[in-house]
Amino acid sequence: LVQLSIPLNFMGMIYREIKQALIDIDDMFLILHRNPEIADRPGAPPLKVSAGTVRFEDVRFSYIPERPILRGISFEVPAGRTVAIVGPSGAGKSTLSRLLFRFYEPNAGRITIDGQDIAGIRQDSLRAAIGMVPQDTVLFNDTIGYNIRYGRWDATEAEVREAARLAQIDRFIESLPEGYDTPVGERGLKLSGGEKQRVAIARTILKGPPILVLDEATSALDSFTEREIQAALDRVSQGRTTLVIAHRLSTVIHADEILVLDKGVIVERGDHAGLLARGGVYASLWSRQRQADQAREALKRAEDEE
Ligand code: ADP
Ligand code: MG
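Given the structure is predicted, the values throughout are model-derived calculations rather than measurements. Numbers given for residues are sequential positions, taken from 1 along each chain in its written order. As they are written, the chains are lettered A onward and the ligands numbered 1 onward, keeping that order. Reporting in this predicted model follows two pLDDT cut-offs: at least 70 for local features of residues, and 80 or more for side-chain atom pairs to be given and counted; totals over whole chains, interfaces and linings ignore these cut-offs and use all residues. Side-chain calculation: all heavy atoms of the structure are included, whereas hydrogens and water are not.

A.B. asks: Please explain the packing of aromatic side chains as it appears in this structure.
C.D. replies: One pair of aromatic rings is described through two measures. These are the centre distance and the angle between the planes. The aromatic pairing rule takes the rings of Phe, Tyr and Trp, using the six-membered ring of Trp, and pairs them if the centres are within 6.5 Å, calling planes under 30 degrees apart stacked, those over 60 edge-to-face and the rest tilted. In this structure the tally under the stated criterion is 9 aromatic pairs. With a centroid separation of 5.4 Å and 10° between ring planes, the pair formed by Phe-101 and Phe-103 is classed as stacked. As far as the burial class goes, Phe-101 and Phe-103 line up, both buried. Put simply, the rings of Phe-140, Tyr-146, Tyr-150 and Trp-153 pair up and form one aromatic cluster. Exposure classes here rest on a 1.4 Å probe applied to the protein chains alone. A residue is buried below 20% of its type maximum, exposed above 50%, and partly exposed in between.

Structural data, given as structure tokens:
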């Protein structure tokens, strides 16, 4: 996973950034993806987000030359709309989000935000405009309040609480002995996957970025938690340009467009009803997931009866 040949000065930069607080390997991975070879051009202007339209234009990409990962990807997420990406593991879904963050640059084609090629703008301004809710959320070894405030340091107490409320984590926090001052992370209270994800959602709500990238949680969540998180995600994506990498098809039903990615190409695209009617890859993914869900529910009912 982690490349060990990272130049020392880059390590120093990483060290400063993560201090000692960072304990989770996933965030480490995210930061290490900040590719040192990708530098801002001298005098690069900051991104100016007006509407927040994201476009991928015939994007081609490979991590290593012999193995193309994205083979000509074109789509648009119109301002304020939601586009979902589904497809098998290894299809290139997360790679799309890494390119949007400019952790890597396309070999061909371009990615624009409101018409500005992201290769030509300052990286800090790009990342300030995008909020990411990752699949496995990282918590700093600090208080739960700090972990939310990380989204925006100058937020007021009231804003932190409002973000927690919208992410549906407020009641949980208030039930803790020290409330917002409760230490979490490795040396503090261990949160469940669902709780951590809601902290990440609160953090993102506080950040309030015009563009969102959601990498949805998979299995670890029970269906109640999943519904709660879905409600929180729906709320945060309201009115924001949203790219959602969806593992559970039940969550993409309302997306404005669904892209089915396989081996680096978009093999189908459309809305939920259209894709079902087509009877292709999406339709079969859908029926398989339905069957798996039903089997799981039946198993759970049987267990509950015991
Ligand atoms: P998905 O999110 O759809 O599961 P990814 O975008 O993470 O897929 O990965 C697509 C492909 O790229 C996979 O085959 C993966 O092994 C490969 N890949 C991902 N990251 C790297 C990397 N840093 N170096 C080389 N190959 C990579
Ligand atoms: Mg992925």
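A.B. asks: I would appreciate a short explanation of the pairing of strand S3 (residues 82-86) in the present structure.
C.D. replies: Both faces of the sheet carry side chains from a regular strand, because those side chains alternate between them. Within S3, 5 of the 5 residues are buried, leaving the element largely enclosed by the surrounding structure. Helix numbering and strand numbering both begin at the N terminus, where a helix is a DSSP run of H or I of at least 4 residues and a strand a DSSP run of E of at least 2. By the alternation rule, side chains of S3 split into Thr-82, Ala-84 and Val-86 and Val-83 and Ile-85, which are all buried. Pairing analysis gives 4 bridges linking S3 to strand S9 (residues 257-262), with the strands arranged parallel. What sits directly across from Ile-85, in S9, is Leu-259. In this description, strands pair whenever DSSP reports at least two bridges between them.

A.B. asks: Mind showing me how you'd approach the side chain of Arg-240 here?
C.D. replies: Inspection of the secondary structure assignment puts Arg-240 in the loop between helix H9 (223-237) and strand S8 (241-245). Lacking a salt bridge, the buried Arg-240 has Glu-162 as its closest oppositely charged neighbour, with an N-O distance of 11 Å. A 3.5 Å cut-off defines polar contacts: any pair of N or O atoms within that distance qualifies, except that in protein one atom must be a possible hydrogen donor and the other a possible acceptor, and neighbouring residues in sequence count only when both atoms are side-chain atoms. Of note is the side chain of Arg-240, whose polar atom sits 2.9 Å from the backbone oxygen of Val-236. Residue contacts are defined here by distance: any two heavy atoms, one from each residue, within 4.5 Å place the two residues in contact. Setting aside anything within four residues of it in sequence, one finds Arg-240 in contact with Gly-80, Arg-81, Gly-208, Pro-209, Pro-210 and Leu-212. The convention is simple: Lys and Arg are positive, Asp and Glu are negative, and His and the chain ends are not counted. A pair is scored as a salt bridge if a Lys or Arg side-chain nitrogen falls within 4 Å of a carboxyl oxygen belonging to Asp or Glu.

A.B. asks: Just checking my understanding: could you explain the sheet that holds strand S6 (residues 130-133) for this structure?
C.D. replies: Sheet strands line up and pair through hydrogen bonds in the backbone, either parallel or antiparallel. One open sheet holds the 6 strands; their spatial order is S6-S7-S8-S3-S9-S10, and the pairing between them is mixed. One side of each edge strand has no neighbouring strand; the edge strands of this open sheet are S6 and strand S10 (265-270). Averaged over all neighbouring strand pairs, the angle between strand axes comes to 20°, with direction disregarded. Two elements, strand S7 (residues 211-215) and S8, share 5 bridges in a ladder whose sense is parallel. By the bridge assignment for S8, Leu-212 is matched with Thr-242. Between N-to-C directions, angles cover 0 to 180 degrees, with each direction set by a line fitted to C-alpha atoms, over the stretch in contact for helices. Packed onto the sheet, helix H3 (residues 93-100) meets S3, S6, S7, S8 and S9 and runs at close to 145° relative to S8. On the sheet, helix H8 (residues 193-207) packs against S6 and S7 and is oriented at approximately 170° with respect to S6.

A.B. asks: What is the right way to look at the confidence of the model for the chain in this model?
C.D. replies: Parts of the prediction with low pLDDT should not have their coordinates interpreted in detail. Values of pLDDT, which run from 0 to 100, indicate the predictor's confidence residue by residue. When the pLDDT values of the chain are averaged, the result is 85; 85% of them are 70 or greater. Our summary of model confidence lists the complex with pTM equal to 0.82 and ipTM equal to 0.98.

A.B. asks: I tried to follow helix H6 (residues 157-166) on my own but got confused; where do I start?
C.D. replies: Side chains three or four residues apart in an α-helix point the same way, a direct result of the helix having 3.6 residues per turn. The complete set of buried residues in H6 reads Val-160, Ala-163 and Ala-164. Looking straight down H6, one finds its buried side chains confined to an arc of 100°; they lie on one side. Next to the buried residues of H6 lie helix H5 (144-149), helix H7 (170-174) and H8. Immediately downstream of H6, the backbone of Gln-168 shows phi near 60°, a positive value. Here the arc refers to the set of directions running from the helix axis out to each C-beta atom.

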